[in-house]
Amino acid sequence: MWGLTKLAAMLATGISFLGPNQQTILEACRINLHAHFEALIPPVTITRMAKKNNITLPEDMWKFQQTFFYPSFEHFADAYFKMILPIQNAQDYYDGALAALKRFKEIGTCYSEIKFCPDCVVKGVDWQDAYAEIKRAIEESEVEGAFYTRLILTFVRGLTNETNAVSYVDWIVEQHQKGDKLIVGIDVSGNEAQFPDLSPYVAAYAAASKASLNKTVHAGELQGAEAVDHAIRLLNPDRIGHGVSAINSPETLEKLRENNIPLEVNVQSNVCLAAQNITSYVAHPLPQLLQANITVVLGSDDDTLFGSSILEEERRIIDNFALTQKDIWGIYNTSITHSFAPEELKTRLYQMWKQAYGQGCQRSKFRTQK
Ligand SMILES: [Zn+2]
């Protein structure tokens, strides 16, 4: 029998679980399409890792957790680099991934695309070993019909050079040929304000297109709408990470609609970094983007650094905008369509979505609309 406490916790989070007859029952099917690996490792795992590896954490290590607000991207980068200090060996990548995925599972995530950055792998660890360990954790965490994860390989502005970017694409293609299709696409992340030029990645994106790899790119997070135009023109992306500054340009919005490019929106992240001077939830242009018929998918970006999660994003959106639970379910459905999952997995995800929300959608007619 299911205990009442467990039932209450399950209803609160929409957790997915295996029922008494071992049939998978989904209470939720959240889709997270924008999250960075290292920043998903829970603080308790980081602290445990530091102890195991005899690393003394800086005294102000968790100071950011008081407000989760970063006056500049550099402050954010500083917190990020402190956070990864305890990571010392390949096994740590496995432990970190396992803990992050456990958390994703607990909050009813049924599919996520996590960004893996070879150039962020700590010194002394081969990035391919780190990848192998993350892959092991993902495979062990997968629950048929309930929980799936895929990776997006991300280049970093100012860190990943043109030659390396091309070699990473070649490597992904090679893995696909060997039957390892865990990496479903590529991305560019990092400090957009400091390194606005995306031309170092043109060759890699062209190679990715040729190999039918999916492509997203962070743009229009810290820079204006022209950065979104620049990304579309140079890299021909399937999605854009953030892209919130597009709201300031009718021409850019038109380009997004014309090319059917969704924006990966991360509300909490934008508020924490005051991206585009967004300093509160209500100031976020998400409702205006939807009103302008821009396709939106959701992400949590850097859970530990922003105090975010896909569940929190969902709650904040419902609490702060005139959007209902049913609207969020609709966004998750769109997210499946625009995910980089292979077709057979997409079919399964639609079934899972229907299982979680099919009846709920009918029930939601009786909800009070905001
Ligand atoms: Zn991001």
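Heads up: the structure comes first, above all this text.
For the structure given in this document, a descriptive report is provided here. Every chain begins its residue count from 1, and numbering advances along the sequence as written. Under the rules for a predicted model, residues below a pLDDT of 70 receive no local features and side-chain atom pairs below 80 are neither given nor counted, while totals for whole chains, interfaces and linings still include all residues.

**Describing helix α6 (residues 162-177)**
The numbering of helices and of strands both runs from the N terminus, where a helix is a DSSP run of H or I of at least 4 residues and a strand a run of E of at least 2. Take the number of residues in a helix, subtract one, and multiply by 1.5 Å to get its expected span. Spanning 16 residues, α6 covers 23 Å between terminal C-alpha atoms, matching the ideal 22 Å at 1.5 Å per step. Between the buried cut of 20 or more and the exposed cut of 12 or fewer other C-beta atoms within 10 Å of a residue's own C-beta lies the partly exposed class, and all C-beta atoms are placed from the backbone. Inspection of α6 places A165, Y168, V169 and I172 among the buried residues, and these make up the whole buried set. Mapping the buried residues of α6 onto a view down its axis gives an arc of 95°, with all of them on the same face. Facing away from the buried side of α6 by more than 90 degrees, the exposed set consists of T163, E174 and Q177. Contacts made by the buried residues of α6 are with β5 (148-156), β6 (183-189) and α7 (202-210). Of the residues trailing α6, G179 is marked for its positive phi of about 100°. As used here, the arc belongs to the directions running from the helix axis to the C-beta atoms. Contact between two residues is assigned when their C-beta atoms, built from the backbone, lie within 7 Å.

**Describing the environment of A227**
Tracing the sequence through the fold places A227 in helix α8 (residues 225-235). Beyond its immediate chain neighbours, meaning those up to four positions away, A227 contacts E192, P196, A219, G220 and S245.

**Regarding the sheet that holds strand β8 (residues 239-242)**
Ordered by their spatial adjacency, eight strands build an open sheet running β3-β4-β5-β6-β7-β8-β9-β10, and the pairing between neighbours is parallel. Every other strand in the sheet has two partners, leaving β3 (30-36) and β10 (296-298) as the edge strands with one partner each. Within the sheet, the average angular offset between the axes of one strand and its neighbour, ignoring direction, is 25°. Across four bridges, strand β7 (residues 214-219) lies against β8 in parallel orientation. Each residue of the ladder has a partner; that of A219, found in β8, is H242. In this description, a line fitted to the C-alpha atoms serves as the axis of each element, helices being fitted only across the stretch in contact, and the angle between N-to-C directions of two axes falls anywhere from 0 to 180 degrees. Most of the contacts of helix α13 (residues 310-320) go to β3, to which it runs at about 110°, and overall it touches β3, β4 (109-116) and β10. Two strands qualify as a pair provided DSSP detects at least 2 bridges between them.

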